[in-house]
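# A look at the structure
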Amino acid sequence: MSVPETVDAEALARWLRRFAEVVAANRELLTRLDAAIGDADHGANMDRGMAAVVTTLEADAPAGAGALLKQVGMTLVRTVGGASGPLYGTFFLRMATSAGDSGSLDAMGFAKALRAGLEGVVARGKAEAGDKTMFDALAPAVDALESSLARGAALRTALQMAASAAATGRDATVPMLARKGRASYLGERSVGHQDPGATSAALLIASAGTTIPEER
Ligand code: ADP
Ligand code: MG
């Protein structure tokens, strides 16, 4: 047996710092996508929120996984705004609840926390598969993570499968007709555009694969 893989607060902080960098690098892309079917603020919203997360991590990073996820969720709720602020905030707050007081998670525990986060997004936003939202990237990613781990894959491999599923899910939003959020006001005119929230969600999952598993 290999060494059990643990996802501790430090690993989570690495993930979120990387996501902040990737969001900053893709700020214009997210803005452009939201300009086509929304109000052109998704890049600014996410960049502001993740910059605030990095600031709080630098000032005072909680030592436990659950506490860190809670701090991230509260920071995002406070700073992101729009529809995506409460949704991403809820995602991390539900991850935190799933993690509880545990100082660190194992690979299955991390997958469980992501599943809880996804359920929080659904509880708040009521999105279903095919509605052209962040759900369409997140849900296949969580499914892929769980099934890869269940087949005995290492966390790094399972997260790569999840990232690939998220990218496929993101791309699949292009032909969808938006049924939730601002883009739904466009009706048929939302067809043919990639969803900004699915795009940032795919970046979130992609950021995990290279940062969360421990180097060894
Ligand atoms: P706003 O739409 O308020 O300007 P953002 O531009 O930051 O907020 O975020 C838009 C993204 O939020 C969309 O691309 C979509 O992925 C996501 N979104 C909007 N409404 C919902 C919902 N009800 N459920 C899940 N995701 C949603
Ligand atoms: Mg917007």
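All of the points below concern the structure found in this document. (Residues numbered from 1 in each chain as written. Chains lettered and ligands numbered in written order. Predicted model: local features only at pLDDT ≥ 70, side-chain atom pairs only at ≥ 80, totals over all residues. Heavy atoms only, no water.)

## Things to note about the nonpolar core
Counting residues in each nonpolar core, the largest one holds 60 residues, and the members touching the most others are W15, L16, F92, M95, F110 and L145. Secondary structure elements with two or more residues in this core: α1 (9-25), α3 (42-59), α4 (65-79), α5 (84-99), α6 (107-125), α7 (135-150), α8 (155-172) and α9 (196-211). If you tally residues by element for this core, the top one is α1, at nine residues. When sequence neighbours within four positions are dropped, the list of residues in contact with M95 reads W15, L69, F110, A113, L114 and G117. (Core = buried A, V, L, I, M, F, W, Y, C linked by side-chain atoms within 4.5 Å. Buried < 20%, exposed > 50% of the residue type's maximum accessible area, 1.4 Å probe, protein only. Helix = DSSP H or I, 4+ residues; strand = E, 2+ residues; numbered from the N terminus. Contact = heavy atoms within 4.5 Å.)

## Quick notes on the pattern of salt bridges
Here the idea is simple: oppositely charged side chains can pair when their charged atoms come close. As enumerated under the stated definition, the model contains eight salt bridges in all. Two residues, D131 and R179, come together in a salt bridge whose shortest N-O distance is 3.5 Å. Placement of D131 in the loop between α6 and α7 and of R179 in the loop between α8 and α9 is noted, with a sequence separation of 48 residues between them. Each of the salt bridges in this network shares a partner with another, and the network as a whole consists of R115, D143 and E146. (Salt bridge = Lys/Arg side-chain N within 4 Å of Asp/Glu carboxyl O.)

## Here we look at the environment of S164
With respect to the helices and strands, the residue S164 is situated in helix α8. The spatial distance from the C-alpha of S164 to the C-alpha of A141 is 7.6 Å, given a sequence separation of 23 residues.

## What to know about the site of ligand 1
Close to ligand 1 lie 20 residues, the nearest being N45, A83, S84, G125 and D195. The separation between an oxygen atom of ligand 1 and a polar side-chain atom of H42 is 2.9 Å. Take R182: an N or O atom from its side chain is 3.2 Å from an oxygen atom of ligand 1. When isolated, ligand 1 has an accessible area of 570 Å², and the protein chains bury 92% of it. Elements that contribute at least two residues to the shell around ligand 1 include exactly α3, α5 and α9. The element that contributes the greatest number of residues to the shell around ligand 1 is α9, accounting for three residues. Tallied by class, residues from the shell around ligand 1 come to six nonpolar, eight polar and six charged. (Near = heavy atom within 4 Å. Polar contact = N/O pair within 3.5 Å; in protein donor to acceptor, adjacent residues only side chain to side chain. Areas by Shrake-Rupley, 256 points an atom, 1.4 Å probe, with all protein chains shown as cover. Nonpolar A, V, L, I, M, F, W, Y, C, P; charged D, E, K, R; others polar.)

## A look at the packing of helix α2 (residues 27-37) against α3
The N-to-C vectors of α2 and α3 enclose an angle of 140°; their axes lie 6 Å apart at closest approach. Our classification of the angle between α2 and α3 gives oblique. On the side of α2, the interface is formed by R27, L30, T31 and D34, while α3 contributes H42, G43, A44 and D47. Looking at the contact of α2 with α3, its residues break down into two nonpolar, three polar and three charged. (Axes fitted to C-alpha atoms, helices over the stretch in contact; angles between N-to-C directions. Parallel < 35°, antiparallel > 145°, perpendicular 65-115°, else oblique.)

## Quick word on the side chain of T56
Along the polypeptide, T56 turns up in helix α3. From its side chain, T56 meets the backbone oxygen of V53 in a polar contact 2.8 Å long. Beyond its immediate chain neighbours, meaning those up to four positions away, T56 contacts A61, Q71, T75 and R78.

## Considering the packing of α1 against α9
Here α1 crosses α9 at 135°, and the two axes come no closer than 8 Å. By the angle between their axes, α1 is oblique relative to α9. Here α1 and α9 pass one another in a crossing that is right-handed. When α1 is examined against α9, the residues A11, R14, W15, R18, F19 and V22 are found in contact with a partner set consisting of S200, L203, L204, S207, A208, T210 and T211. Looking at the contact of α1 with α9 residue by residue, the classes come out as seven nonpolar, four polar and two charged. (Left-handed = near helix turned anticlockwise from the far one by under 90°.)

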